[in-house]
Amino acid sequence: MPEEADVELELRLESVMEGALVSGTVQAPFTGECARCLDPIEDDVLVDLQELYSYSDKDDPEAEEDGLFVVDELIDLEQPVRDAVVLALPLAPVCREDCPGLCSVCGARLEDDPSHQHEATDPRWAALAELLADDSNESGSSGAGPTEEI
Ligand SMILES: [Zn+2]
Ligand SMILES: [Zn+2]
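Computed from a predicted structure; not experimentally measured.

Helix and strand counts for the protein chain stand at 2 helices and 4 strands. Taken from N to C terminus, the helices and strands of the protein chain fall in the order β-β-β-β-α-α. Looking at the 150 residues of the protein chain, the share that counts as buried comes to 17%. Sequence separation of at least 24 residues holds for 48% of the intrachain contacts in the protein chain that already meet a minimum separation of 6. Only carbon and sulfur atoms are counted for the fraction: they give 50% of the accessible area of the protein chain, which is about 11800 Å².

Binding of the zinc ion (ligand 1) to the protein goes through Cys34 (SG), Cys37 (SG), Cys95 (SG) and Cys99 (SG), at separations of 2.3 Å. Between the 4 donor atoms coordinating the zinc ion (ligand 1), the angles at the centre fall across 106 to 114 degrees, so the site counts as tetrahedral.

Let us look at unusual backbone geometry. For residues besides glycine, phi is generally negative; the peptide bonds are generally trans as well. With a phi close to 65 degrees, Leu38 is a non-glycine residue in the positive phi region. Within the secondary structure layout, Leu38 lies in the loop between strand 2 (19-33) and strand 3 (40-55).

Take the coordination of the zinc ion (ligand 2) next. The protein atoms that coordinate the zinc ion (ligand 2) are Cys103 (SG), Cys106 (SG), His116 (NE2) and His118 (NE2), at distances spanning 1.9 to 2.3 Å. With 4 donor atoms in place around the zinc ion (ligand 2) and angles of 104 to 115 degrees between them, the coordination shape is tetrahedral. Mapping the donors of the zinc ion (ligand 2) onto the primary sequence gives the spacing C-x2-C-x9-H-x1-H.

Here we have 4 strands laid out as an open sheet, ordered 1-2-3-4, and mixed in their pairing. Looking at which strands have only one partner, the edges of the open sheet turn out to be strand 1 (8-15) and strand 4 (69-70). Of the pairings in the sheet, the one linking strand 1 to strand 2 comprises 8 bridges and is antiparallel in character. Bridge pairing links Ser15 to Ala20 in strand 2. Along the sheet, helix 1 (residues 78-88) makes contact with strand 1, strand 2 and strand 3, crossing strand 3 at roughly 135 degrees.

Counted by the stated rule, this structure contains 6 salt bridges. Residue Arg109 is joined to Asp39 by a salt bridge in which the shortest nitrogen-to-oxygen separation is 2.6 Å. Of this pair, Arg109 sits in the loop between helix 1 and helix 2 (123-137) while Asp39 sits in the loop between strand 2 and strand 3, and the two are 70 residues apart along the sequence. A salt bridge links Arg82 to Glu78; the nearest nitrogen and oxygen atoms lie 3.2 Å apart. A residue pair is termed a helical-turn pair when its members lie 3 or 4 positions apart in one helix, as Arg82 and Glu78 do in helix 1 at 4 residues. Given the relative accessible area of 23%, Arg82 is considered partly exposed. One network of salt bridges, with partners in common, ties together Asp39, Arg96, Asp98, Arg109, Glu111 and Asp112.

Here is what the cut-offs are and how they apply
Residues numbered from 1 in each chain as written. Chains lettered and ligands numbered in written order. Predicted model: local features only at pLDDT ≥ 70, side-chain atom pairs only at ≥ 80, totals over all residues. Heavy atoms only, no water. Helix = DSSP H or I, 4+ residues; strand = E, 2+ residues; numbered from the N terminus. Buried < 20%, exposed > 50% of the residue type's maximum accessible area, 1.4 Å probe, protein only. Contact = heavy atoms within 4.5 Å. Areas by Shrake-Rupley, 256 points an atom, 1.4 Å probe, with all protein chains shown as cover. Donors = N, O, S within 2.8 Å, 3.2 Å for Na, K, Ca; no water. Tetrahedral: all angles 85-135°; square planar, octahedral: opposite > 155°, others 65-115°. Pairing = 2+ DSSP bridges. Axes fitted to C-alpha atoms, helices over the stretch in contact; angles between N-to-C directions. Salt bridge = Lys/Arg side-chain N within 4 Å of Asp/Glu carboxyl O.

Geometric descriptors of this kind do not, in isolation, establish any biological role.
So, in structure tokens, the structure goes:
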């Protein structure tokens, strides 16, 4: 995510017993790579955000260190917004739902060439094909494996 990119916040602040409740949506742009074809992607994520900021009680030794607090009548939105956006980012974004991705053999973009395929199969399959061919050549023998006549 670009640092401090155009993150749009639409938040409501409510005063509640324990502190301040912030709720609303966060929209943030992200850039990435299509998990299938590696094309660059630019998109937005839209996240619902709801956080409770407690009135800090500095005298309370039990107070959670990593909680969110109202400090001097102010709240710090940066961390929760950042966390929410990071969580909302797709793990494997795709440029579009039906992206055909890349050819697993040569890496060509299948989108550019939908009929793309290879005559020569995977080398492992080629080896198997050879084995099968050998087998059929010896089909007339006893089947006890290759024998040599002296
Ligand atoms: Zn793609
Ligand atoms: Zn290919």
